[in-house]
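# Structure assessment
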Amino acid sequence: MNLCIIGTGNIGLATGLCFAQKGHVVDFVDNDDAKITLLQNGQTSHYEPKIEILLQSLLAQKSINFTNNIKNVINKSEVLFITVGTPIDNLGHSDTSSLISALEAIDKCTESSSKTIIIKSTVNPNTTLQLSKKYKRHTFVSSPEFIREGSAIKDCLNPDRILIGSTNKSESSNNLRLFKEMYQHFNLKKEIFVETDSTTAELIKYSSNVFLAARISLINEFSVLAEKTGADIDQLQFALGLDPRIGNHYLSPGLGFGGSCLPKDAFALVQFGNSIDENLLMTNAIIQTNFNQLNRFIEKIINKVERSSKKICIWGTAFKPNTDDMRDSAALKIISKLIQAKYKIHLYDPKCSHQLSLIFKNQPEVSVFTDAFEALKNADALVVCTEWDEFINADLTKIKTHLNSPVVFDGRRIFKNNLMRQLGFDYYSIGTKYEPNNSL
Ligand code: UGA
């Protein structure tokens, strides 16, 4: 089939490349000229494991094409995927302006022909239904995406569910047939195709992300209790996960949830609730707990490390490993608070150094390094914000000798408390009761 993907962010690009790998011909459209030029040359503007190799091999096979003008490709494809971003505004309302622009462009170019338009962008419940009433000529399907950054290709090739949210019951069986055809070479179980209505599909997407956020906020709340009582958070996490009704995913305590999706969707759901006169107490509490968790960690640093001309080294600025995405990253929030408190800051992240140099180019108090241990030199403390393998496997003795004083704040629990203390570190973690290192 000929498929068209509008929006080449992580979701659009990964989805389209996986369809192409499974035998479809895929056209990608994006109004960002620089991004399109990079993609045409086999490069991506963001880091995602395996994506560039796949991109380059599909370009060589000529099964994908990139353009900044939808007119060039619209007539080739019956099926259009919309994967543009739907960020939130300052108040947390979902902003669908890019989605509306894409639909206006489609409607203008298609004249009298009709298309099947699949909305993958995350939108408020009822959005797809309203769009189908406005752009009557086309068939709309809501099919939100569940892939994660850092494992986008793997997740796309092995989806755990595919939602087919129709705007009209009479279109449901045709839509199911279409999806089965698109996914025929993916070798999927038939149960993963969930036929539903578009509004339910939209709410499933929000519910999934807020549910994951809830688990993280809950384990973080328990980590505070463990830290104060001396209970063992690792054993608590393990034992909770043994209950099959709970399971062991999304139970790692840390600096809270970040990234471009979980925080955004929680805020957007709260505002959607407000718009229909519902105060979403749980979702609000999830957001508040997430905020408190990070602030508590920042307070630990500021209380311990005296400010005057002290240098703090931060390892990891991406919101999680295997991505260079720093949207809503814990590290950036920590850095901003430390700058306000007049610290000097050394930064290192395996994939973000170029972006960091641009962000902090006019801030002499921030230095960006391309080597983890160079960043540690002369620093008065190390703060770990992202659990990259490079940090998990780092030589602890080398960390100690590079630091001015052996103080470590571990926001991702990548080191072991006992070992750190044995090695003479003053070690602060999440969920572990702090014991002062009297040898210092
Ligand atoms: C999330 C969802 O997991 C995807 O299913 C969804 O498709 C995607 O949002 C989206 O809506 O596009 P992603 O933003 O890539 O994916 O990130 P996650 O891997 O879910 O991690 C989110 C945050 O939670 C990260 O900051 C991570 O460090 C944190 N986290 C995760 C924890 O603090 N503890 C955990 O146990 C798990």
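Scroll up to find the structure.
Just so we're clear, the structure is a prediction, and the values are computed from it rather than from any experiment.

### A short note on the site of the ligand
Surrounding the ligand, one finds 21 residues, the nearest of these being Ile147, Glu149, Lys205, Asn209 and Tyr250. Within the side chain of Lys205, one N or O atom sits 2.7 Å away from an oxygen atom of the ligand. Separating an oxygen atom of the ligand from a side-chain N or O atom of Lys320 is a distance of 2.8 Å. Across the complex, the protein chains shield 91% of the 710 Å² of accessible surface that the ligand would expose by itself. Ranked by the residues each element gives to the shell around the ligand, the list is headed by helix α8 (residues 198-229), at four residues. Here the shell around the ligand is composed, by residue class, of eleven nonpolar, four polar and six charged.

### Some words on unusual backbone geometry
Despite not being glycine, Lys62 shows a phi value in the positive range, around 60 degrees. Here Lys62 shows up in the loop between α3 (51-61) and β3 (64-67). A residue is classified by how much of its surface remains accessible, and Lys62, at 71% relative accessible area, is exposed. For Asp328, which is not a glycine, the phi torsion comes out positive at approximately 50 degrees. Among the structural elements, Asp328 can be located in the loop between β9 (311-315) and α12 (330-340).

### Remarks on the pattern of salt bridges
By the definition in use, this model includes 16 salt bridges. Salt-bridge contacts for Lys300 lead to Glu227; the nearest nitrogen and oxygen are separated by 2.9 Å. Here the residue Lys300 occupies a position in helix α11 (residues 281-304), and Glu227 occupies one in helix α8, the gap between them amounting to 73 residues. The shortest N-O distance in the salt bridge between Lys333 and Asp328 comes to 2.6 Å. Residue classification places Asp328 among the partly exposed positions, given a relative accessible area of 34%.

### A short note on empty space enclosed by the protein
Within the structure shown, the criterion is met by three cavities of 30 Å³ or more. Estimated volume of the largest cavity: approximately 90 Å³. In terms of lining, the largest cavity is formed by 15 residues, of which the most central are Lys120, Glu145, Cys156, Pro159 and Tyr183. Top element by residues in the lining of the largest cavity is helix α1 (residues 10-21). It accounts for three residues. In terms of residue class, the lining of the largest cavity is made up of nine nonpolar, two polar and four charged.

### Considerations on helix α10 (residues 262-275)
Helix length check: α10 (14 residues) gives 20 Å between terminal C-alpha atoms against 20 Å at 1.5 Å per residue, within 8%. Counting buried residues along α10, eleven of its 14 residues qualify, which places the element largely inside the surrounding structure. Leu262, Pro263, Lys264, Asp265, Ala266, Ala268, Leu269, Val270, Gln271, Phe272 and Gly273 are the residues of α10 that are buried. Contacts made by the buried residues of α10 are with α8 and α11. Once α10 ends, the next one or two residues include Asp277, with phi positive near 60 degrees.

### Notes on the environment of Pro350
As for its position among the elements, Pro350 is in the loop between β10 (344-348) and α13 (353-359). Separated by 39 residues in the primary sequence, Pro350 and Asp389 place their C-alpha atoms 10.0 Å from one another. Residues in contact with Pro350, not counting those within four places in the same chain, are Trp388, Glu390 and Phe391.

### Some words on the layout of surface pockets
In this approach, a probe sized like a water molecule rolls over the atoms, and the result shows the empty space that is left. Its volume calculated, the second largest pocket comes out at about 330 Å³. Lining the second largest pocket are 20 residues, with Asn290, Phe291, Leu294, Asp328 and Lys333 sitting closest to its centre. Looking at the lining of the second largest pocket element by element, the count peaks at seven residues for α11. Of the residues that constitute the lining of the second largest pocket, the class distribution is ten nonpolar, six polar and four charged.

### Considering the nonpolar core
Of all hydrophobic cores here, the largest spans 54 residues; its most connected members are Ile314, Trp315, Ile334 and Ile399. For this core, the leading source of residues is α12, giving six residues. In this structure Ile314 touches Ala331, Ile334, Ile335, Leu338, Ile345, His346, Leu347, Tyr348, Val383 and Cys385, once residues within four positions along its chain are discounted. The next biggest cluster of nonpolar side chains, apart from the first, holds 37 residues, and it includes Phe19, Val26, Phe81 and Phe193.

### Topic: the state of the cysteines
Taken as a whole and assessed by the stated rule, the structure comprises zero disulfides. In this structure Cys109 is not part of a disulfide, and its nearest cysteine sulfur, from Cys4, lies 9.9 Å away.

### Digging into the sheet that holds strand β5 (residues 116-119)
One open sheet accounts for eight strands, arranged β3-β2-β1-β4-β5-β6-β7-β8; its pairing is mixed. Each end of this open sheet is capped by a strand with a single partner; those strands are β3 and β8 (193-197). Taken pair by pair, the neighbouring strands of this sheet meet at an average axis angle of 25 degrees, ignoring direction. Bridge count for strand β6 (residues 139-142) against strand β7 (residues 162-166) is two bridges, and the pairing is antiparallel. Residue pairing for β7: Ser142 is matched across the bridge by Gly165. Sheet strands touched by α1: β1 (2-6), β2 (25-29), β3 and β4 (79-82). Its angle to β2, the strand with the most contacts, is close to 160 degrees.

The rules behind the values
Residues numbered from 1 in each chain as written. Predicted model: local features only at pLDDT ≥ 70, side-chain atom pairs only at ≥ 80, totals over all residues. Heavy atoms only, no water. Near = heavy atom within 4 Å. Polar contact = N/O pair within 3.5 Å; in protein donor to acceptor, adjacent residues only side chain to side chain. Areas by Shrake-Rupley, 256 points an atom, 1.4 Å probe, with all protein chains shown as cover. Helix = DSSP H or I, 4+ residues; strand = E, 2+ residues; numbered from the N terminus. Nonpolar A, V, L, I, M, F, W, Y, C, P; charged D, E, K, R; others polar. Buried < 20%, exposed > 50% of the residue type's maximum accessible area, 1.4 Å probe, protein only. Salt bridge = Lys/Arg side-chain N within 4 Å of Asp/Glu carboxyl O. 1 Å grid on protein atoms, 1.4 Å probe; cavity = no way out; pocket = protein on both sides within 12 Å on 5 of 7 lines; lining within 4 Å. Points joined across faces, edges and corners; volume = space filled by probe spheres on them. Expected span 1.5 Å × (residues − 1). Contact = heavy atoms within 4.5 Å. Core = buried A, V, L, I, M, F, W, Y, C linked by side-chain atoms within 4.5 Å. Disulfide = S-S within 2.5 Å. Pairing = 2+ DSSP bridges. Axes fitted to C-alpha atoms, helices over the stretch in contact; angles between N-to-C directions.

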